[in-house]
Amino acid sequence: MVGCEGLAGLLCKKSGGEEELGVFYPIRPECQENASRTRFRLRAGKTLSPRKWHAAFCEDGHLDIAKVLTRIQRGGIHPAIKGLVWEFLLGCYGPNSTFEERNQIRQRRSGKFITTPIITDDGQPITDSSTNNDQGVHVNNAVSDKKAIQWMLLLHQIGLDVVRTDRTLVFYESETNQAKLWDVLAVYAWVDSDIGYVQGMNDICSPMVILLENEADAFWCFDRAMKRLRENFRCSASSIGVQAQLSTLSQVIKTVDPKLHKHLEELDGGEYLFAFRMLMVLFRREFTFVDALYLWELMWALEYNPNMFSIYEEPSAATDKSSATLSTKELVKNCGKFERKNVKTGTSGQPTALAVFLVASVLETKNKRILNEAKGLDDVVQIVEEITGNLDAKKVCKDALKIHSKYLSKAKMP
């Protein structure tokens, strides 16, 4: 993580006309030889720069989100401001909020030291209003021994996964930074006890811990990302979390490329389980660290809906102008391209994530090879795995939008 005080120097540090991304995400020396080549490049006039980002705010703090989305879709986000922009893309803050309103939200979310009891000796909550409101502590139910036991049983798995997360990065050589990742995942597992912790969440959370120095900010950014992804991690003895998205993927391919779908069915691949990992952790394994971050921000910009903040925030907390629902005209103007089409067609809010169409676009690029060379499901898996390190994030997103349009068009046909 690079501090703002060093930003001016870093912006001038160039190699071959391009800023050195390695300054922001340094790789451990012993891992550099085997590191895959990063495709993302910072491009003047296209990438959202710190200057353009700050210029997008008016005097009181309102954000011109439409301009920001356009810039992101052209060339991603500069690493120096990536975490700050993600907070808006993921719905931590509404674009209509002011600087003061966001400061109040941050203070409320960060909480304060507890100086008075919040539960009785037998675990019952103390509902004194001054405790809840003045100290930012909310206790809705008696502390459950069962919940505490379930949570504690997860902690060792979180620890095992933390030490394996993004090990090639210098950032995680520090036990302090590993502890920060552990903290965020452990707190989330307690807060969302229905889902708890599942392997793969560490891959989603890690970039947020790297990008946002404040641990509370990193937590809320991860929490908002999980609002979209949590069902992917809901697993039982009879089903896997991404089953719904895999079923949607099956329907999409069946609609836009029935020949490929039929071939996959003949190879016992009609359930599309080979796409499990791509959907589960949003292509973290198929892209380098830097390129995965670029893909995510492109996706979130395309999926952006300015009403996210008011949808995610508790009603009692979303009382300022930042939670105001926009008119349809304003909503369409301030949505990302993917969400804009969903709003216009009345499919906004339905569980068809852009990630499904990203996977579909990947399969379409491998269409001929799968049809001509795949004689079994193992061949399909091998062909699909060849995309690792060979995908262009922007092209994949463009192709996904085309497939989305084609799917909506064909789905309307009788």
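Residues numbered from 1 in each chain as written. Predicted model: local features only at pLDDT ≥ 70, side-chain atom pairs only at ≥ 80, totals over all residues. Heavy atoms only, no water.

*Asks:* Which residues make up the pattern of salt bridges, and what are the values?
*Replies:* Under the criterion given, the structure shown has 22 salt bridges. Residue Glu386 is joined to Arg369 by a salt bridge in which the shortest nitrogen-to-oxygen separation is 2.4 Å. Within this pair, whereas Glu386 is found in the loop between helix 20 (377-385) and helix 21 (393-412), its partner Arg369 is found in helix 19 (residues 367-373), the two being separated by 17 residues in sequence. The partly exposed category is assigned to Glu386, whose relative accessible area is 32%. You can call Arg369 partly exposed: its relative accessible area is 28%. In the salt-bridge network here, residues are joined through shared partners; they are Arg108, Arg109, Asp223, Arg224 and Glu313. (Salt bridge = Lys/Arg side-chain N within 4 Å of Asp/Glu carboxyl O. Helix = DSSP H or I, 4+ residues; strand = E, 2+ residues; numbered from the N terminus. Buried < 20%, exposed > 50% of the residue type's maximum accessible area, 1.4 Å probe, protein only.)

*Asks:* Let's hear about the confidence of the model for the protein chain: which residues, and what values?
*Replies:* Averaged over all residues, the pLDDT of the protein chain is 85; the fraction at 70 or higher stands at 83%. Within the model, the stretch residues 1-19 combines pLDDT values under 50 with 24 contacts to residues more than four positions away or in other chains. Across residues 129-140, where pLDDT falls below 50, the model places 22 contacts with residues more than four positions away in sequence or in other chains. (pLDDT = per-residue confidence, 0-100. Contact = heavy atoms within 4.5 Å.)

*Asks:* If you had to explain helix 20 to someone new, which residues and values would you point to?
*Replies:* Three or more residues of helix 20 are buried, namely Val380, Ile383 and Val384. Buried positions in helix 20, seen along its axis, are confined to an arc of 95° and lie on one side of it. Those residues of helix 20 hidden inside the fold are in contact with helix 12 (258-266), helix 13 (276-280), helix 18 (354-365) and helix 19. (Arc of directions from axis to C-beta.)

*Asks:* Could you give an account of a nonpolar patch on the surface, with specific residues and numbers?
*Replies:* On the surface, Ile149, Met152 and Leu153 cluster together to form a nonpolar patch covering roughly 320 Å² of accessible area. Positionally, Ile149 belongs in helix 7 (residues 145-162). What makes Ile149 partly exposed here is its relative accessible area of 48%. (Patch = residues over 30% accessible without salt bridge, like charges linked within 9 Å, V, L, I, M, F, W, Y side chains within 5 Å. Areas by Shrake-Rupley, 256 points an atom, 1.4 Å probe, with all protein chains shown as cover.)

*Asks:* Which residues make up the nonpolar core, and what values do they have?
*Replies:* Core analysis: the largest hydrophobic core is formed by 115 residues, its most contacted members being Trp86, Leu89, Met201 and Phe222. In terms of residue count, the dominant contributor to this core is helix 14 (residues 289-303) (12 residues). Leave out the neighbours within four places in its chain, and Leu89 touches Leu69, Ile72, Ile77, Arg228, Glu297, Trp300, Ala301, Tyr304 and Met308. (Core = buried A, V, L, I, M, F, W, Y, C linked by side-chain atoms within 4.5 Å.)

*Asks:* Describe the packing of aromatic side chains, and please don't skip the residues or the numbers.
*Replies:* All chains considered together, the criterion is met by 18 aromatic pairs. The interplanar angle of 40° and the centroid separation of 4.5 Å between the aromatic rings of Phe40 and Tyr294 together place this pair among those described as tilted. Residue Phe40 is located in the loop between strand 2 (18-19) and helix 2 (50-55), and its partner Tyr294 is located in helix 14; the two are separated by 254 residues in the primary sequence. Judged by relative accessible area, which is 4%, Phe40 ranks as buried. We classify Tyr294 as buried; its relative accessible area is 7%. Here Phe219 and Trp220 contribute two aromatic rings whose centre-to-centre distance is 5.2 Å and whose plane-to-plane angle is 80°, an arrangement assigned as edge-to-face. On the basis of relative accessibility, which here comes to 10%, the residue Phe219 falls in the buried class. (Phe/Tyr/Trp six-rings, centres within 6.5 Å; stacked < 30°, edge-to-face > 60°.)

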